[in-house]
Amino acid sequence: MCLAIPMRLSQIDGLRGITQSGGVCCEVRLDLLPQVRVGDHVLVHAGYAIEVLDETLAAETLELLAELGALEDGAADGAS
Amino acid sequence: MRDLPSDPLAAFRDPESMRRLTRRLHELAPSRPLTFMHVCGTHENAIGRFGIRSLLPPWLRILAGPGCPVCVCPPAEIDAAVRLALERSVLLATFGDMLHVVGRISLARARALGADVRVVRGPHEASLLARRHPDRQVVLLAVGFETTACTTAAALLADPPDNLGIISAHRLIPPAMDALLGVPGLRLDGFLLPGHATTITGTAAYLSFTSASGLPTAVAGFEPVDILLGLERLATLATEGRVELANAYGRAVRPAGNLAAQRAIESVFEPADASWRGLGTIPGSGLALRATFRRHDALARFHLELDPDLPDSVPGCRCGEVMVGLVEPEGCPHFDAGCAPTSPRGPCMISAEGTCRSRFIFRESELD
Ligand code: SF4
């Protein structure tokens, strides 16, 4: 029920926005995100954009996971 | 700033990252078995869909808590919506999930009996319906946690027509988590916090809970990597005996949350005592319309009272206990023996995010 889908905001017209996700366009309300900009990835729930996804933090999480992999590889190298 | 890949979710479904996180979990060595609870139907659904339980070390158990807003909603609110639709001929709008849960009867049954019941994607569509039908009374049965409550608030702040009424069955998560701590026989070692409700409230809303409960907490998202990351953080904190809040869903959840959404909720609603299936009445866990929005209060408009005497559950259904983690769905004698998604007995099997339904649909993936 709290499902929220990440979508890219491609147009803003006042409090209405158009999002795109996998080639599908969708109208969303922007009432809850006054600071949103075209191009942002937003989480959409019940027809409303509820948060902007922070791409820097997403990238940081992915880098952290990549580091985990590097650590493991390092450990494997050391063992061999 | 680095761009997210064209499919922003792909990286969070990466099997290699899942394998690494799973290995890290297995490397931990807590001094006792750990039981964590999540309080989000979307988490239960994702945990089942991605077979997360089958990846966990034997010392780690994940229980589902009261995270399905449709399931926690007691029959009184549904019954009021059914009565408005059948007896007062209102155009009753609600989310698809609410159609089949039962007060005395369900809204789907009311529709079969001739009531005008419509499914809307969100509160804004209910407002549009009211605008399109100025000669009708349109009532939205609004259900959901903070994630959804802010959208109802936004619709009411956007100058809706006067013929739009709402029944607020919204519920707040933090008071329910306080109540869970008092459930006799429930022993927990940490909470996975609901990613999207926390998007609205911010992690700040859970800091005092974390220190007062003495249990670590971790916010997690809904992709398999997100969930494993949340569990790994939580298990690490619990193993090291640290009572802290970890945010494993930083891309969507900020410490202060979505302030505009919080302001919307605060200006439209005030906290009210509300009843939860399985937990009883929890102070300040519901949202009632403030006086300035009372003209949109459907119950007041139609002089309707919630019936407090409707039984909480179908005879024999153990949803109340499933909802607070005291019974696993498989522990209910009716699970797959008279109760199934095609012939559900209780809301936990009826709702798309009910614990019994998720467990039923995805259980094959756990037979390993
Ligand atoms: S399996 Fe069916 S009867 Fe048993 S608790 Fe779940 S919904 Fe209720």
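In this text the structure is predicted, and so the values were computed from the model without any measurement.

Procedures and definitions
- Residues numbered from 1 in each chain as written.
- Chains lettered and ligands numbered in written order.
- Predicted model: local features only at pLDDT ≥ 70, side-chain atom pairs only at ≥ 80, totals over all residues.
- Heavy atoms only, no water.
- Salt bridge = Lys/Arg side-chain N within 4 Å of Asp/Glu carboxyl O.
- Buried < 20%, exposed > 50% of the residue type's maximum accessible area, 1.4 Å probe, protein only.
- Pairing = 2+ DSSP bridges.
- Helix = DSSP H or I, 4+ residues; strand = E, 2+ residues; numbered from the N terminus.
- Contact = heavy atoms within 4.5 Å.
- Buried area = accessible area lost by both parts, 1.4 Å probe.
- Polar contact = N/O pair within 3.5 Å; in protein donor to acceptor, adjacent residues only side chain to side chain.
- Axes fitted to C-alpha atoms, helices over the stretch in contact; angles between N-to-C directions.

In this section: the pattern of salt bridges. Residue and element names in this part refer to chain B. Enumeration over the complete set of coordinates arrives at 29 salt bridges over all chains. The residue Arg242 makes a salt bridge to Glu240 at a minimum N-O spacing of 2.3 Å. Using a relative accessible area of 33% as the deciding quantity, one classes Arg242 as partly exposed. The partner of Arg242 in a salt bridge is Glu244, with the nearest N and O atoms 3.1 Å apart. Residue Glu244 is classed as partly exposed on the basis of its relative accessible area, which comes to 35%.

The pairing of strand S10 (residues 269–276) of chain B with strand S11 (residues 280–289) of chain B spans 7 bridges and is classified as antiparallel. Looking at S11(B), one finds that Ala274(B) is bridged to Ile282(B).

We now examine the interface of chain B and chain A. Many analyses report the size of an interface as the accessible area lost when the parts associate. Contact residues are listed per partner, giving 49 residues for chain B and 37 residues for chain A. Together, the buried faces of chain B and chain A total about 3,700 Å²; carbon and sulfur atoms form 67% of this surface. Inspection of the region where chain B meets chain A yields 1 salt bridge. Across the pair Glu51(A) and Arg254(B) runs a salt bridge, and its minimum N-O distance is 3.9 Å. Our count for the chain B to chain A interface comes out at 8 residue pairs in polar contact (both at pLDDT 80 or more). Every element with two or more residues in the side of chain B that touches chain A is listed here: helix H1 (15–27), helix H3 (69–72), helix H6 (123–132), strand S5 (138–144), helix H7 (146–157), helix H9 (195–201), helix H11 (224–239) and helix H12 (259–268) of chain B.

Residues and elements named next belong to chain B. Spatially, 5 strands are ordered S2-S1-S7-S8-S9 in an open sheet, and the strand pairing comes out parallel. Edge positions in the sheet fall to strand S2 (60–64) and strand S9 (245–247), since each has one partner strand and no second. Geometrically, the sheet is characterised by an average inter-axis angle of 25° between neighbouring strands, direction not taken into account. With 4 bridges joining them, strand S7 (residues 190–194) and strand S8 (residues 217–220) adopt parallel strand pairing. Of the residues in S8, the one forming a bridge with Leu192 is Ala218.

We now examine unusual backbone geometry. Residue and element names in this part refer to chain B. Despite not being glycine, Ser89 has its phi angle at roughly 55°, a positive value. By secondary structure assignment, the location of Ser89 is in the loop between helix H4 (75–87) and strand S3 (91–94). Even without a glycine there, the phi angle at Asp159 is positive, about 55°. By the element assignment, Asp159 lies in the loop between H7 and strand S6 (164–170).

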